[in-house]
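Architecture and fold: a report
Residue strings, one per chain:
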Amino acid sequence: MDYSKFYLKNYTPEPDEREKEENSNIIIPRIESRSQPEIIYINPDGEEFDPSALSETYEKSDAGDNSPEGFDISCNQNKQPCELREKDNLPFVVRRQEKARQPFISRFCQVVLIFAIVIMSLIVSADFVTDGKAIAAISNLISTDNPTYYAVLTNPKDDLQSSQVDSYAMRLKGGAGFTVKNNEKYYNVYAIYKNKSDAEKYVSDNGGEILSLSTTFYDEIESELKNYTDYPFKTVDNLNEVAQNLTDKKINVSQALEQISEIKDDFALTYDNMNKISNGNSDDKSVTLLANASVALSSLEYLCDTSVSRPNLVCDVRYTVCRILFTYCYSA
């Protein structure tokens, strides 16, 4: 049967229906999960823009801010690629900074540090192999075993008898009262100081002269006794500390005697070691050093003798310091 006569010959679909038919024929591609979505940059006015175009625009400009309204382009002059960042909730373009090169001085310090570590490792290894002799030898080369001490000289006299009278009066006040001859005059030593400033302060307040005490006489000793050429320094430093604490009343006489006894016992061990080492050494400097150490030990033993009548303990401590150092420095 022919139905053609029933067809609508002049029917035209409405616009909306036509669009639906046309859209029905559109094939929408399926986006794979691995594909990247297109990113569209829109400024605050709702207009699209290309960040690379902004970068090129700025690259071509030598000065001024040529960024469109709402944007801040911050780039350096090294022609590096720009990237889009956000500032005050607005997109803007900034220049990627190259990683700064490591400063030369920093690399130099690293090299020096590594070199020092290697050297110290070698020294420690050598010291272990030689049973402690390597570091001891290095210490003897670089250390200054000849410090200078400063004796305060007072009351110059022309004869020894007059000086000795003044010596007793000084000892009553806590001074050493150790009589020495210097430049054809006899003086009484009040005290010996390790720091020159302390000696200068006493002279400024009380008068007197300063005599420096040091020696290089024992530097040429080649035997193992050379390791003991500094024996008086630790001893006199400890004794001076005891004298100062007594003067400041930080300790009493009994406590001071206990500390002096410990100093004496410690030095006695040192002297025994010096005797053992010096066996067979007959050079003049070694013999002199050992003899001076013997004087120091006898002075400490006398100081510990509580049966001795003395004006006060402070003056005898300072007198012992004078005897040890003057014997050490002037026995050559």
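None of the values given here were measured: they were computed from a predicted structure. Numbering of residues begins from 1 in every chain and follows the order in which that chain's sequence is written. Local features are withheld for residues below a pLDDT of 70 in this predicted model, meaning they are given only at 70 or higher, and side-chain atom pairs are given and counted only at 80 or more; totals for whole chains, interfaces and linings count all residues. To obtain the side-chain values, all non-hydrogen atoms of the structure were used and water was disregarded.

So, the sheet that holds strand β7 (residues 185-193)
Sheet strands pair via backbone hydrogen bonds, and the direction of the pair is either parallel or antiparallel. Spatially, β6-β7-β5-β8 is the arrangement adopted by the four strands of the open sheet, whose pairing is antiparallel. Of all strands in the sheet, those with a lone pairing partner are β6 (178-182) and β8 (209-213), marking the two edges. Pairwise comparison of adjacent strand axes, ignoring direction, gives a mean angle of 45 degrees for this sheet. Two strands qualify as a pair provided that DSSP identifies no fewer than 2 bridges between them. The numbering of helices and of strands both runs from the N terminus, where a helix is a DSSP run of H or I of at least 4 residues and a strand a run of E of at least 2. Fitted lines through C-alpha atoms serve as axes, helices being fitted only where they are in contact, and the angles separating the N-to-C directions of these axes extend from 0 to 180 degrees.

A short note on the packing of aromatic side chains
Aromatic rings from Phe, Tyr and Trp, with only the six-membered ring used for Trp, were paired whenever their centres fell within 6.5 Å, and each pair was classed as stacked if the ring planes differed by under 30 degrees, edge-to-face if by over 60, and tilted otherwise. Applying the stated criterion across every chain, the model contains ten aromatic pairs. With 5.6 Å between their ring centres and 45 degrees between their planes, tyrosine 231 and phenylalanine 267 make a pair best called tilted. Of this pair, tyrosine 231 sits in helix α7 (residues 231-247) while phenylalanine 267 sits in helix α8 (residues 253-277); the two residues are 36 residues apart in sequence, bridging distant segments of the chain. Relative accessibility under 20% of the residue-type maximum defines a buried residue, over 50% an exposed one, and the middle range a partly exposed one, all with a 1.4 Å probe and only protein chains included. Its relative accessible area of 3% is what places phenylalanine 267 among the buried residues. Seen from their ring centres, tyrosine 231 and tyrosine 328 are 5.5 Å apart, and the 85 degrees between their planes marks the pair as edge-to-face. Of this pair, tyrosine 231 sits in helix α7 while tyrosine 328 sits in helix α10 (residues 313-330), and the two are 97 residues apart along the sequence.

Quick look at unusual backbone geometry
For asparagine 183, which is not glycine, the phi dihedral falls at a positive 55 degrees. In this fold, asparagine 183 is placed in the loop between β6 and β7.

Description of a negative patch on the surface
The patch calculation keeps residues exceeding 30% relative accessible area without a salt bridge and links them within 9 Å when they carry like charges or within 5 Å when they are nonpolar (Val, Leu, Ile, Met, Phe, Trp, Tyr). Here, Shrake-Rupley sampling with a 1.4 Å probe gives the accessible areas, and only protein chains in the shown set may cover a residue. In what follows, salt bridge is the name for a side-chain nitrogen of Lys or Arg lying within 4 Å of a carboxyl oxygen of Asp or Glu. Charge assignment: positive for Lys and Arg, negative for Asp and Glu; neither His nor the chain ends contribute. Lysine's charge is taken at NZ, arginine's at CZ, aspartate's at CG and glutamate's at CD. A cluster of acidic side chains, namely Asp219, Glu220, Glu222, Asp283 and Asp284, defines a negative patch on the protein surface. Note on aspartate 219: relative accessible area 34%, which makes it partly exposed.

Notes on helix α5 (residues 160-172)
By definition here, a helix of n residues has an expected span of 1.5 Å times n minus one. With 13 residues, α5 extends 19 Å between its outermost C-alpha atoms, agreeing within 8% with the 18 Å of an ideal straight helix rising 1.5 Å per residue. Those residues of α5 that are buried are in contact with β5 (149-157), β6, β7 and α10. By the N-cap criterion, in which a side-chain oxygen at the helix start approaches the backbone nitrogen of a residue two or three places on, α5 is capped by aspartate 159, the distance to glutamine 161 being 3.4 Å. Once α5 finishes, glycine 174 follows within two positions and takes phi at roughly 100 degrees, a positive value. Contacts were defined at the residue level, with two residues in contact if any of their heavy atoms lie within 4.5 Å. Between N or O atoms, a polar contact is any pair within 3.5 Å; within protein, one atom must be a potential hydrogen donor and the other a potential acceptor, and residues adjacent in sequence are included only when both atoms are from side chains.

Quick notes on the packing of α7 against α8
Contact pair α7 / α8: the axes reach a minimum separation of 10 Å and the direction vectors enclose 175 degrees. It follows that α7 is roughly antiparallel to α8 by the angle criterion. From α7, Tyr231, Lys234, Thr235, Asn238, Leu239, Val242 and Leu246 reach across to α8, where they touch Val253, Ala256, Gln259, Ile260, Ile263, Asp266, Phe267 and Met274. By the convention adopted, Pro, Cys, Tyr, Trp, Phe, Met, Ile, Leu, Val and Ala count as nonpolar, Lys, Arg, Asp and Glu as charged, and the other residues, Gly among them, as polar. Residue classes in the contact of α7 with α8 are distributed as ten nonpolar, three polar and two charged. Reported orientations rely on four angle classes, namely roughly parallel under 35 degrees, roughly antiparallel over 145, roughly perpendicular from 65 to 115, and oblique for the rest.

A closer look at the layout of surface pockets
Picture a little ball the size of a water molecule; that probe, rolled over the atoms, points out where space is still empty. In this structure, the largest pocket occupies an estimated 290 Å³ of space. The definitions used throughout rest on a 1 Å grid laid over the protein atoms alone, on which a cavity is an enclosed set of points accommodating a 1.4 Å probe that cannot get out and a pocket is an open set flanked by protein within 12 Å on both sides along at least five of seven lines; lining residues are those having an atom within 4 Å of a point. Lining of the largest pocket is provided by 15 residues; of these, Ile192, Tyr193, Asp198, Asn240 and Gln244 occupy positions nearest its centre. At the level of secondary structure, the elements contributing two or more residues to the lining of the largest pocket comprise β7, α6 (196-206) and α7. Looking at the lining of the largest pocket element by element, the count peaks at five residues for α6. Across the lining of the largest pocket, the residue classes break down as five nonpolar, four polar and six charged. Grid points are joined across faces, edges and corners, and a volume is the space filled by probe spheres set on the points.

Side note on the pattern of salt bridges
All chains considered together, the criterion is met by nine salt bridges. For aspartate 158, the salt bridge identified is with lysine 185, shortest N-O distance 2.3 Å. Here aspartate 158 is found in the loop between β5 and α5, whereas its partner lysine 185 is found in strand β7, with 27 residues between them in sequence. Judged by its relative accessible area of 58%, aspartate 158 falls in the exposed class. The closest approach of N and O atoms between aspartate 265 and lysine 264, which form a salt bridge, is 3.2 Å. Put simply, Arg171, Arg310 and Asp316 are held in one network by salt bridges that share partners.

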